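An overview of the molecular structure
If you want the building blocks of each chain, they are given just below.
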Amino acid sequence: PTPTQSTNIWKSIQRLAGTRIDLELYSGKGKKKKTLKELTGSILSFADKNQAGGSIRIVINPYFLEMYAESFVTNIDMNFRSRLKSDVGKAFYRFYQGQYELQSDIEIIRLAHAVNLSIAQEMKQLKSKVRTGLKELQEKGYLEAYEITRDNRVRVSKTKDAAVKFESQILGHSNIE
């Protein structure tokens, strides 16, 4: 990287190291909702920059790594998400990015609940909104195909490029010392 890029990268790492993240893990719904775990901390534990060579070393907080490994934290490509126009498309992207399988089959009502889409509307309207969001994901190359069945199930196939690639994740074997 250029000296300017290197400076900007270091500033970004400093901001990330100073960012606090609060996470809560719940079980149940409504009156039966119980907090199982509360966490607070930073993604980065430490970072250092070698002024002579320009190399940067970061240490990722082991608790964050554990949460990531257990899928409590998902991998969202913010550049891709910012190219999505509809709120429904963005919500579906976030939902399906948390699903590691290439294929998914879910009841439309359950999917609507998962992305906070109102179910207090006619099924025809709900299907239309779901179709709009899925169509956008297909047009942007995230979904290979989708189908809303007559028995109100939503089936999607993600493209191979959209599938989570464990080798390139922060937990990939080549990235752990």
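The structure this text deals with has already been given above.
In what follows, the accompanying structure is described. (Residues numbered from 1 in each chain as written. Predicted model: local features only at pLDDT ≥ 70, side-chain atom pairs only at ≥ 80, totals over all residues. Heavy atoms only, no water.)

**Here's the deal with a nonpolar patch on the surface**
Heads up, the rule is: In this scheme, patches are assembled from residues that exceed 30% relative accessible area and form no salt bridge. Like charges are connected within 9 Å, while nonpolar side chains (Val, Leu, Ile, Met, Phe, Trp, Tyr) are connected within 5 Å. What sets the accessible areas is the Shrake-Rupley method with a 1.4 Å probe; for residues, cover comes only from the shown protein chains. Criterion for a salt bridge: a side-chain nitrogen of Lys or Arg within 4 Å of a carboxyl oxygen of Asp or Glu. Only runs of H or I of at least four residues qualify as helices and only runs of E of at least two qualify as strands under DSSP, and these elements are numbered from the N terminus. Each residue is assigned to one of three classes by its accessible area relative to the maximum for its type, calculated with a 1.4 Å probe on protein chains only: buried under 20%, partly exposed between the two thresholds, exposed over 50%.
On the surface, Ile-9, Ile-56 and Ile-58 cluster together into a nonpolar patch covering about 220 Å² of accessible area. Locating Ile-58 in the fold gives a position in strand β4 (residues 56-60). Judged by relative accessible area, which is 40%, Ile-58 ranks as partly exposed.

**Structural notes on the packing of helix α4 (residues 87-97) against helix α6 (residues 123-139)**
Filter applied, for reference: Each axis is a line fitted through C-alpha atoms, taken for helices only over the stretch in contact, and angles between the N-to-C directions span 0 to 180 degrees. These descriptions rest on fixed angle ranges, namely under 35 degrees for roughly parallel, over 145 for roughly antiparallel, 65 to 115 for roughly perpendicular, and the rest for oblique. In this scheme, a crossing is called left-handed if the near helix is turned counterclockwise away from the far one by less than a right angle; it is called right-handed if the turn is clockwise. Contacts are assigned to residue pairs with any non-hydrogen atoms lying within 4.5 Å of each other. Asp, Glu, Lys and Arg are counted as charged, while Ala, Val, Leu, Ile, Met, Phe, Trp, Tyr, Cys and Pro are counted as nonpolar; the rest, among them Gly, fall into the polar class.
Remark: α4 packs on α6, axes separated minimally by 8 Å, with the N-to-C direction vectors making an angle of 70 degrees. By the criterion of interaxial angle, the relationship of α4 to α6 is roughly perpendicular. The handedness of the crossing between α4 and α6 comes out as right-handed. Here α4 contributes Val-88, Gly-89, Phe-92, Tyr-93 and Tyr-96 to the contact with α6, which in turn contributes Lys-129, Val-130, Gly-133, Leu-134, Glu-136 and Leu-137. For the contact of α4 with α6, the per-class residue count stands at 7 nonpolar, 2 polar and 2 charged.

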